[in-house]
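Close look at the chain arrangement
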Number of protein chains: 2
Amino acid sequence: MNYAADHALGLVVAAGDRVLRLRAAADAGLLDDIDGLPPDAPRADTLNPILAAGRSVWTGLHSRVHALLARRDHDDLLVDARDLELRLPFDVADYVDFYSSIHHATNLGRLLRPGTEPLLSNWRHLPVSYHGRAGTIVVSGTPVRRPRGLVATGGGGPQYRATERLDIELEVGVVVGGRSDLGQPVSIDRVGEHIFGLVLLNDWSARDIQAYEYQPLGPHLGKSFATSISAWVTPIDELRSFLRPGPHQDPPPSAHLRTEHPWAVDLDLRVLLESRSMREQGIAPAQVSSTNFADLYWTIAQQLTHMTANGASLRPGDLYGSGTVSGAERGSEGSFIELSWGGETPLDLPDGSVRTFLEDGDRVILEGSAGDVRLGPVEGEILPAAT
Amino acid sequence: MNYAADHALGLVVAAGDRVLRLRAAADAGLLDDIDGLPPDAPRADTLNPILAAGRSVWTGLHSRVHALLARRDHDDLLVDARDLELRLPFDVADYVDFYSSIHHATNLGRLLRPGTEPLLSNWRHLPVSYHGRAGTIVVSGTPVRRPRGLVATGGGGPQYRATERLDIELEVGVVVGGRSDLGQPVSIDRVGEHIFGLVLLNDWSARDIQAYEYQPLGPHLGKSFATSISAWVTPIDELRSFLRPGPHQDPPPSAHLRTEHPWAVDLDLRVLLESRSMREQGIAPAQVSSTNFADLYWTIAQQLTHMTANGASLRPGDLYGSGTVSGAERGSEGSFIELSWGGETPLDLPDGSVRTFLEDGDRVILEGSAGDVRLGPVEGEILPAAT
């Protein structure tokens, strides 16, 4: 059961191929007696008022929606999923991106700082993270224009040109609800009050722009041109039976980052690529990577607690990304810079072409599933750079 | 003439000690014929609808407000500035922080990487910058709680404790209006369409938290606990006669960052500090630094164009900070880590105490002025860490 927002219909909930209109359900009085649910929240354009309402409301709403979807006498509330035109499911408040896959961080360390210890000394002590641009988060299906930027050249200064190393990052995004007070950290035992659900997230990255700009204050324009998320938000309640203990952490993290609660999510993730010529020839998108989310080194609970450990407050609509999810084996990496090992080992596509980084016309699709629960896909096609 | 937002009265405009209520002026029909001004915009709780309306509306509105303030027959529209309870003047969309003072960047390079070239090789080629947390931007007067965080210790892992190196950063913030399209850079000749005005900005920084976390993705929790801005926004139109050509740039920047238009702002800036004991003894805040904004290496125009050079879009309410403004001489630095040279040369306060970094009870005030134009101050007092 996933939530989304349609341009015309407002909020909708899907389970399988049945899609329930929340506005219509509210108008029919079917959501009246959910404790704490503001009457306007299910009638809103986005999930934000529901996100603001908090944990007990979410649980009540999910369970009511399940009951409505199970009944057969509400056809007037249902629409065909194919008729939807989905917008961003929520207005993003702040967007933070983590860097919490040990395989990804190790791969990047090897690629960018060869001959040195790939993991920096702080990496196992805190979930490294930074803020990204909330205003350029776009919904699945939005085309992504190849960005220009300042990139290093052989000698002299940098050149302002279209990126030649356009990449993806396969991530899971956590949708935050409720508020916390400025100055008051959210303890790890209370993160469940703020984790509404998950989306898939593609943190498009221009590696050459990023490489030139990122010292000493981190990535900015190599990332800020677009970040795509699923149109569908999967409530964490749907994934309870897929929560596992997180991976063993050595050294043990600081006490405020420890919990007995299982917060790793056993979620299968896949990256598919379709070139323009594959599309023209009717060749189905090719899977280029598959991995699992459960061995992310820092769990989504540790990430949320860390993010507020200095007293930073949360707002409904905050979003944080897991960081690129890469597995330990070849073929399980969540980015092309890893899959092609810095461009040295191109991938073969079914149309006979090869890929190191993305080309114009390429369409990338991220998929995720846990048992029967499917996360909304994220897809986007690369448009040529603006002239 | 500065704009602010009062909790009860809505938008107000001050010139000297006269404060005009925009909502009352609109109700009296005095703002009806300003081309393009949506009727609800002057009645809103914040500046955002005015920011959305765009450059020509701003110019029309400023000039009407000047005319109203000059007349003597509108006493019913005026309130005493002392009765105001000001909130954030606008809801912040995205917040980007630059690092554009060459003196500051050089000082920090010397302090943090002694024995190496203090400016990294990209610094003179692009305005280095990163995203900060919009949700913890607070209005002048809001107390700031000393943050906790993971800090390096002598040996072994880091310790989670209250910062011992709490600092300020003296900055000027640019308030952005209008929208730009995703995928379309804003050329440097059109930045004037998006620069609504300026605030002063204190980018509170916990240097020990920042030092431990910032590699390789930049600052996060060392900054995200609070950023203070003026309650008053000064329109750039008020500062037209204080615009100067920017400093000479060698090497010359990329063509897209060049302009003949003068975009450096001749603005005097001051930092004042009042300890708790000074306050108790009735000793006035002591000036600890003074500098000028005009020699910022990268101008606010170059910053805006750079920020969108990859196609990132702008939204009304975006805010960007100049980065710490430091001058070339001792006593003109915009942070305590520079003023006390990494804690080695404490400052003497008039109550007989000394300062390297901030202590609980300290109140910091940032002031700015250009001729008769005064920018709203930014002040904040340090509260002890949460227990």
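Our structure's up above, just so we're on the same page.
Notes on the structure in this doc start here.

Criteria and thresholds
- Residues numbered from 1 in each chain as written.
- Chains lettered and ligands numbered in written order.
- Predicted model: local features only at pLDDT ≥ 70, side-chain atom pairs only at ≥ 80, totals over all residues.
- Heavy atoms only, no water.
- Helix = DSSP H or I, 4+ residues; strand = E, 2+ residues; numbered from the N terminus.
- Rg over C-alpha atoms; globule rule 2.2 N^0.38 Å.
- Buried < 20%, exposed > 50% of the residue type's maximum accessible area, 1.4 Å probe, protein only.
- Contact = heavy atoms within 4.5 Å.
- Areas by Shrake-Rupley, 256 points an atom, 1.4 Å probe, with all protein chains shown as cover.
- Lys, Arg positive; Asp, Glu negative; His and termini not counted.
- Charge placed at Lys NZ, Arg CZ, Asp CG, Glu CD.
- Least-squares fit on C-alpha atoms with pLDDT ≥ 70 in both.
- Core = buried A, V, L, I, M, F, W, Y, C linked by side-chain atoms within 4.5 Å.
- Pairing = 2+ DSSP bridges.
- Axes fitted to C-alpha atoms, helices over the stretch in contact; angles between N-to-C directions.
- Salt bridge = Lys/Arg side-chain N within 4 Å of Asp/Glu carboxyl O.
- Polar contact = N/O pair within 3.5 Å; in protein donor to acceptor, adjacent residues only side chain to side chain.
- Nonpolar A, V, L, I, M, F, W, Y, C, P; charged D, E, K, R; others polar.

1. Some thoughts on the overall build of chain A
Assigned secondary structure in chain A consists of eight helices and 26 strands. Taking 387 residues into account, the globule formula puts the C-alpha radius of gyration at 21 Å, and chain A, at 21 Å, falls close to it. Across its three principal axes, chain A shows a C-alpha extent of roughly 70 × 55 × 35 Å. Per-residue burial for chain A yields a buried fraction of 61% across its 387 residues. Considering only contacts in chain A between residues 6 or more positions apart, those separated by 24 or more positions represent 73%. Of the accessible surface of chain A, which amounts to about 14000 Å², a share of 48% is contributed by carbon and sulfur atoms. Of the charged side chains in chain A, 34 are positive and 51 negative, and the gap between their average positions amounts to 2 Å.

2. Details of the relation of the copies chain B and chain A
A rotation about some axis, followed by a shift along it, carries one copy of the chain onto the other. Mapping chain B onto chain A calls for a rotation angle of 180° and an axial translation of 0.0 Å; the resulting RMSD is 0.0 Å. The superposition operator between the copies reduces to a two-fold rotation axis. Considering only C-alpha atoms, the part of chain B nearest the rotation axis is Gly218(B), at 2.1 Å.

3. Side note on the nonpolar core
Leu198(A), Ile300(A) and Tyr320(A) are the most contacted members of the largest nonpolar core, which has 74 residues in total. Excluding anything up to four places from it in sequence, Leu198(A) contacts Val172(A), Gly173(A), Val174(A), Trp232(A), Val233(A), Thr234(A), Ile236(A), Leu239(A), Val265(A), Leu267(A), Ile300(A) and Leu375(A). By size, the runner-up hydrophobic cluster in this structure holds 73 residues, among which are Leu166(B), Tyr297(B), Ala301(B) and Ile382(B).

4. Thoughts on the sheet that holds strand S1 (residues 2-6) of chain B
All names here are of chain B. Taken in spatial order, the five strands make up an open sheet running S4-S3-S2-S1-S5, and their pairing is antiparallel. Single-partner strands in this sheet number two, and they are strand S4 (78-80) and strand S5 (86-87). Here S1 pairs with S5 via two bridges, running antiparallel. Residue pairing across strands places alanine 5 opposite arginine 87, the latter belonging to S5. Contacts from helix H3 (residues 55-70) reach S1, strand S2 (10-15), strand S3 (18-21) and S4, with the element oriented near 120° to S3.

5. Describing the interface of chain B and chain A
Every contact between the two is made by 53 residues of chain B and, on the other side, 53 residues of chain A. Counting the contacts that link chain B with chain A gives two salt bridges. Here Arg133(A) ties to Asp318(B) by a salt bridge, and the two come within 3.1 Å at their closest N and O atoms. Our enumeration of links across chain B and chain A arrives at 22 residue pairs in polar contact (both at pLDDT 80 or more). Those elements that provide at least two residues to the side of chain B that touches chain A are strand S7 (129-132), strand S10 (148-151), helix H5 (207-213) and helix H7 (300-308) of chain B. Of the residues forming the side of chain B that touches chain A, the biggest block, four residues, is contributed by S7(B). Grouping the constituent residues of the side of chain B that touches chain A by class yields 27 nonpolar, 19 polar and seven charged.

6. Observations concerning unusual backbone geometry
Following Gln215(A), the chain continues to Pro216(A) via a peptide bond in cis, the omega torsion being 0°. Along the polypeptide, Pro216(A) turns up in the loop between helix H5 (207-213) and strand S16 (227-229). A cis geometry characterises the amide bond from Asp250(B) onward to Pro251(B), with omega recorded as 0°. Within the secondary structure layout, Pro251(B) lies in the loop between strand S18 (243-244) and strand S19 (264-265). Even without being glycine, Trp341(A) reaches a positive phi, approximately 45°. Within the secondary structure, Trp341(A) is located in the loop between helix H8 (336-339) and strand S23 (347-348). Overall, the relative accessible area of 23% leaves Trp341(A) in the partly exposed class.

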